[in-house]
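Structural characterization, general
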Amino acid sequence: MTTNARAAERKTRARKIIARLKKEYPDATCALHHTNALELVVATILSAQCTDARVNLVTPHLFAKYRTAAAYAAADPRVLEQEIQSTGFFRNKTKSIIGMAQALVERHGGVVPDTMEQLVQLPGVGRKTANVVLGTWFGKNDGIVVDTHVQRLTTLLGLTKEKDPVKIERDLMALVPRDKWTWFSHTLILHGRRVCIARRPKCEECVINRLCPSSRV
């Protein structure tokens, strides 16, 4: 099979995968609880190397206490470290949150910007976090969030052979229609938690098992 033929086959299979997942998860959305853009940025920073469920246990207290970027910017690092300790890597996350908030106050009047260029210039905000905020809060499909679930599932599905998240994202952006970029990542994350579980995949229950090269059924 030629390179072009393989690419065409992958694209056709990707469309079929998307269609089946759309029926199964029509309303998939971000699992991190939030009511504004700032809360979503903070929650996404906390979610690194941590489950969304754990983050959602920690954030109600934070969001009640720190209601503005200025409040986070003025936070006592030692206190904030204790408040987010259970999410892991709490010292780095504290630096990121306070640094991000200070930059918001200094550069954007305390308001979370709505462009990739401005978001990734904030301390602690990489492309993945920016994609989450742009897609989920601002409704902008600027990219595809590639977290551990998305990386694992797209590899199993044969949609990419890349290991680097930026290269994986580039592959997926070529396969998935732009208007579905945000939904697609939320859906794979949900599917990875419910069905395609890393250590015990439920292939027999999977709606895309016939389209998956790694299926055990």
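All of the points below concern the structure found in this document. (Residues numbered from 1 in each chain as written. Predicted model: local features only at pLDDT ≥ 70, side-chain atom pairs only at ≥ 80, totals over all residues. Heavy atoms only, no water.)

Moving on, we come to the layout of surface pockets. Space inside the largest pocket adds up to approximately 660 Å³. Lining the largest pocket we find 26 residues, and of these C50, D147, T148, H149 and R193 sit closest to its centre. Looking at the lining of the largest pocket, the elements with two or more residues in it are α3 (52–65), α8 (127–136), α9 (148–156) and α11 (181–194). Across the lining of the largest pocket, the residue classes tally to twelve nonpolar, nine polar and five charged. If you add up the space inside the second largest pocket, you get close to 240 Å³. Lining the second largest pocket are 19 residues, with L156, C196, P201, C203 and C212 positioned closest to its centre. At three residues, the largest contribution of residues to the lining of the second largest pocket is made by α9. (1 Å grid on protein atoms, 1.4 Å probe; cavity = no way out; pocket = protein on both sides within 12 Å on 5 of 7 lines; lining within 4 Å. Points joined across faces, edges and corners; volume = space filled by probe spheres on them. Helix = DSSP H or I, 4+ residues; strand = E, 2+ residues; numbered from the N terminus. Nonpolar A, V, L, I, M, F, W, Y, C, P; charged D, E, K, R; others polar.)

Let us now look at the packing of α9 against α11. Between α9 and α11, the least distance of the axes is 8 Å, while the angle of their chain directions is 85°. One finds that α9 runs roughly perpendicular with respect to α11. Contact with α9, carried on its side by H149, V150, R152, L153 and T154, involves F184, S185, L188, I189, H191, G192 and R193 of α11 and no other residues of that element. Among the residues making up the contact of α9 with α11, the classes are represented as five nonpolar, five polar and two charged. (Axes fitted to C-alpha atoms, helices over the stretch in contact; angles between N-to-C directions. Parallel < 35°, antiparallel > 145°, perpendicular 65-115°, else oblique. Contact = heavy atoms within 4.5 Å.)

We now examine the nonpolar core. If you look at the biggest cluster of nonpolar residues, it comprises 39 residues, and the most contacted ones within it are V42, L62, Y72 and M100. The set of elements that each furnish at least two residues to this core consists of α2 (37–46), α3, α4 (69–73), α5 (77–84), α6 (90–108), α7 (116–119) and α8. Sorting elements by how many residues they give to this core places α2 first, with eight residues. With residues near it in sequence (within four places) discarded, Y72 still touches L38, V42, L62, F63, Y66, I97, I98 and A101. In terms of nonpolar packing, the next biggest core, distinct from the first, is built from 27 residues, L21, L175, V176 and I189 among them. (Core = buried A, V, L, I, M, F, W, Y, C linked by side-chain atoms within 4.5 Å. Buried < 20%, exposed > 50% of the residue type's maximum accessible area, 1.4 Å probe, protein only.)

Our next topic: the pattern of salt bridges. Considering all chains together, one arrives at eight salt bridges under this definition. We note a salt bridge from D142 to R178, for which the minimum N-O separation is 3.6 Å. Of this pair, D142 sits in the loop between α8 and α9 while R178 sits in the loop between α10 (165–175) and α11, placing them 36 residues apart in sequence. A salt bridge links K180 to D179; the nearest nitrogen and oxygen atoms lie 4.0 Å apart. Take D179: its relative accessible area is 57%, and that puts it in the exposed class. (Salt bridge = Lys/Arg side-chain N within 4 Å of Asp/Glu carboxyl O.)

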